[in-house]
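Fold and geometry: a report
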Amino acid sequence: MKIFVAKLGFKTTSDDLRTLFEKFGKVDSAKVIMDHETKRSKCYGFVEMPNDSEAYVAVVELNETDFQGSVINVKKSKPAPSHPSH
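An account of the accompanying structure is given in this report. All values derive from a computational prediction rather than experimental measurement. (Residues numbered from 1 in each chain as written. Predicted model: local features only at pLDDT ≥ 70, side-chain atom pairs only at ≥ 80, totals over all residues. Heavy atoms only, no water.)

Tallying secondary structure elements over the chain gives two helices and five strands in all. Along its sequence from the N terminus, the chain presents helices and strands in the succession β-α-β-β-α-β-β. Against the globule reference of 12 Å for 86 residues, the chain gives a C-alpha radius of gyration of 13 Å, in line with a compact fold. Expressed as lengths along the three principal axes of its C-alpha atoms, the size of the chain is roughly 45 × 30 × 20 Å. Across the chain, contacts joining residues at least 24 apart in sequence account for 58% of those joining residues at least 6 apart. Accessible surface for the chain amounts to roughly 5900 Å². Of this, 54% is attributable to carbon and sulfur atoms. Computed over 13 positive and 12 negative side-chain charges, the inter-centroid distance for the chain is 6 Å. (Helix = DSSP H or I, 4+ residues; strand = E, 2+ residues; numbered from the N terminus. Rg over C-alpha atoms; globule rule 2.2 N^0.38 Å. Contact = heavy atoms within 4.5 Å. Areas by Shrake-Rupley, 256 points an atom, 1.4 Å probe, with all protein chains shown as cover. Lys, Arg positive; Asp, Glu negative; His and termini not counted. Charge placed at Lys NZ, Arg CZ, Asp CG, Glu CD.)

This is the structure in structure tokens:
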């Protein structure tokens, strides 16, 4: 399952995100999205967990909790919108 994590602190790294979610199970990937121009965090990221039941527990347990001084929002990621081909 792909999980969307919002309201991260500016100093939160992809490794921090991975460590947070590994408490709930195996993490395939964890990435904090960075602004290409400023090289600063956009304060959101994505985590991918292969086991859906572990991922659901992580979403429920972590949503609206304090992580590194920020109250984070955690939810199942929606699929990226498809762009119709012309």
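Turning to helix 2 (residues 52–62), a few remarks are in order. Restricting attention to buried positions, one finds in helix 2 the residues A55, A58, V59 and L62. Summarising the axial view, the buried residues of helix 2 lie within an arc of 100 degrees, below the 170-degree limit, and thus occupy one face. One or two residues past the end of helix 2 sits E64, with phi positive at roughly 65 degrees. (Buried < 20%, exposed > 50% of the residue type's maximum accessible area, 1.4 Å probe, protein only. Arc of directions from axis to C-beta.)

Another aspect to go through is the nonpolar core. Ranked by size, the top nonpolar core spans 19 residues in total, and within it I3, V5, L17, F21, V47, M49 and V74 carry the most contacts. For this core, the secondary-structure elements that each account for two or more residues are strand 1 (2–6), helix 1 (14–22), strand 2 (29–34), helix 2 and strand 5 (70–76). Beyond its immediate chain neighbours, meaning those up to four positions away, I3 contacts F21, G45, F46, V47, M49, A55, V59, V74, K75 and S77. (Core = buried A, V, L, I, M, F, W, Y, C linked by side-chain atoms within 4.5 Å.)

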